[in-house]
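What follows is the residue order along each chain.
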Amino acid sequence: MLNLGIIGQRIATHRRAHDMNQNDLAEALFVTRQAVSKWEIGKGLPSIEILLALTKLFNISIDSLLEASDINQYDYKDMLATYPRESVVYKFLESDTPDLHVKDIFYLLTPTERMQMINQSLSNRINLSIKTIWPYASISERKYILGNILSKGSVERVEEFYPMLTDEERVMVSKTHHMHTVVYHHK
């Protein structure tokens with residue numbers, strides 16, 4: 001469970017370390033001084049947007065503000081049950097190795113969150129490859145991914161995970177792009 005008092009103390013500590021008073025922090029975050037005071041005395045919690053702004057302003061991780069000592073850093077089920085969903089997903093995406101842990105979180109995400117992650121990966125806005133997401137995607141998500149890639153004429157992007165396609169998906173690729181030159185033989 002979140003301990004508002006500890007979170008408030010951490011906000012105050014980081015604020016002071018950056019030689020800011022409550023008014024300075026309030027101005028930087030576009031909130032009132034009273035809001036900052038309320039957080040620091042443990043009577044309230046900043047919104048997820050403000051928490052993320054604090055991590056950027058102070059150049060810290062979300063964990064340095066929120067208690068996570070008793071939860072394994074890859075136990076996304078517990079983290080999603082304990083912390084704001086947006087902060088957990090943000091922490092995952094900002095990690096050094098999201099490709100290694102997509103299997104631990106992707107199935108826990110809502111369909112909307114999954115599609116957001118897929119779209120961000122397709123547009124290269126996050127450090128997570130479609131090839132890594134592919135095995136965990138639903139049939140409709142896989143069709144969406146293929147359709148998106150093929151509509152942009154990115155045949156070389158399909159080639160990187162072509163061996164993982166089902167026969168039906170390979171037919172879709174070959175019909176869409178007449179990929180007679182892309183043939184894979186597996187032994």
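Residues numbered from 1 in each chain as written. Predicted model: local features only at pLDDT ≥ 70, side-chain atom pairs only at ≥ 80, totals over all residues. Heavy atoms only, no water.

### Let's talk about the nonpolar core
Then step 1. With 48 residues, the main nonpolar core has Leu-54, Met-117 and Ile-145 as its most contacted residues.
Then step 2. Here the element with the most residues in this core is helix α4 (residues 48-58); it accounts for 6 residues. (Core = buried A, V, L, I, M, F, W, Y, C linked by side-chain atoms within 4.5 Å. Buried < 20%, exposed > 50% of the residue type's maximum accessible area, 1.4 Å probe, protein only. Helix = DSSP H or I, 4+ residues; strand = E, 2+ residues; numbered from the N terminus.)

### Section: the packing of helix α8 (residues 111-122) against helix α10 (residues 139-151)
Then step 1. The interhelical angle for the contact between α8 and α10, taken along N-to-C directions, is 25°, at an axis separation of 11 Å. Relative to α10, the element α8 lies roughly parallel. Between α8 and α10 lies a crossing whose hand is right-handed. Along its contact with α8, which presents Arg-114, Met-115, Ile-118, Asn-119 and Leu-122, the element α10 presents Glu-141, Tyr-144, Ile-145, Asn-148 and Ile-149.
Then step 2. Here the residues of the contact of α8 with α10 are counted per class, giving 6 nonpolar, 2 polar and 2 charged. (Axes fitted to C-alpha atoms, helices over the stretch in contact; angles between N-to-C directions. Parallel < 35°, antiparallel > 145°, perpendicular 65-115°, else oblique. Left-handed = near helix turned anticlockwise from the far one by under 90°. Contact = heavy atoms within 4.5 Å. Nonpolar A, V, L, I, M, F, W, Y, C, P; charged D, E, K, R; others polar.)

### A word on the layout of surface pockets
Then step 1. Empty space within the largest pocket amounts to approximately 310 Å³.
Then step 2. In terms of lining, the largest pocket is formed by 17 residues, of which the most central are Ser-61, Lys-91, Glu-94, Ser-95 and Asp-96.
Then step 3. Elements that contribute at least two residues to the lining of the largest pocket include exactly α4 and α6 (85-94).
Then step 4. Among the elements that take part in the lining of the largest pocket, α6 stands out by supplying 3 residues, more than any other.
Then step 5. Grouping the constituent residues of the lining of the largest pocket by class yields 5 nonpolar, 7 polar and 5 charged. (1 Å grid on protein atoms, 1.4 Å probe; cavity = no way out; pocket = protein on both sides within 12 Å on 5 of 7 lines; lining within 4 Å. Points joined across faces, edges and corners; volume = space filled by probe spheres on them.)

### Comments concerning the confidence of the model for the chain
Then step 1. The predicted model of the chain has a mean per-residue pLDDT of 85, with 90% of residues at 70 or higher.
Then step 2. Per-element confidence in the chain ranges from a low mean pLDDT of 78 for helix α5 (residues 76-82) to a high of 96 for helix α2 (residues 22-29).
Then step 3. Across residues 179-187, where pLDDT falls below 50, the model places 10 contacts with residues more than four positions away in sequence or in other chains. (pLDDT = per-residue confidence, 0-100.)

### Examining the packing of α2 against helix α3 (residues 33-40)
Then step 1. It is at 8 Å that the axes of α2 and α3 come closest, and there the two elements cross at 110°. Judged by the inter-axis angle, α2 sits roughly perpendicular to α3. The element α2 and its partner α3 pack so that their crossing is right-handed. Together, Gln-22, Asn-23, Leu-25, Ala-26 and Leu-29 of α2 and Arg-33, Val-36, Ser-37, Trp-39 and Glu-40 of α3 make up the contact between the two elements.
Then step 2. By residue class, the composition of the contact of α2 with α3 is 5 nonpolar, 3 polar and 2 charged.

### Let's talk about the side chain of Glu-40
Then step 1. Within the secondary structure, Glu-40 is located in helix α3.
Then step 2. A distance of 2.6 Å separates polar atoms of two side chains, one belonging to Glu-40 and the other to Arg-15.
Then step 3. Dropping the residues within four chain positions of it, Glu-40 is found in contact with Gly-8, Gln-9, Ile-11, Ala-12, Arg-15, Gln-22 and Leu-25. (Polar contact = N/O pair within 3.5 Å; in protein donor to acceptor, adjacent residues only side chain to side chain.)

### Things to note about the environment of Pro-98
Then step 1. When you line up the elements, Pro-98 lands in helix α7 (residues 98-105).
Then step 2. A residue is classified by how much of its surface remains accessible, and Pro-98, at 2% relative accessible area, is buried.
Then step 3. Residues Pro-98 and Leu-128 lie 30 residues apart in sequence; the distance between their C-alpha atoms is 6.1 Å.
Then step 4. Excluding its chain neighbours within four sequence positions, the residues that come into contact with Pro-98 are Phe-92, Asn-127 and Leu-128.

### With respect to α4
Then step 1. Along α4, the positions that sit buried rather than exposed are Ile-48, Ile-50, Leu-51, Leu-52, Leu-54, Thr-55 and Phe-58.
Then step 2. Packing partners of the buried residues in α4 comprise α1 (4-17), α2, α3 and α6.
Then step 3. Asn-59 lies just past α4 and shows a positive phi near 55°.

### Considering empty space enclosed by the protein
Then step 1. Per the counting criterion, the structure on display carries 1 cavity of 30 Å³ or more.
Then step 2. Size it by volume and the largest cavity reaches roughly 40 Å³.
Then step 3. In terms of lining residues, the largest cavity is bounded by Ile-62, Asp-63, Leu-66, Met-79, Tyr-83, Ser-87, Val-88 and Lys-91.
Then step 4. The element best represented in the lining of the largest cavity is α6, accounting for 3 residues.
Then step 5. Among the residues making up the lining of the largest cavity, the classes are represented as 5 nonpolar, 1 polar and 2 charged.

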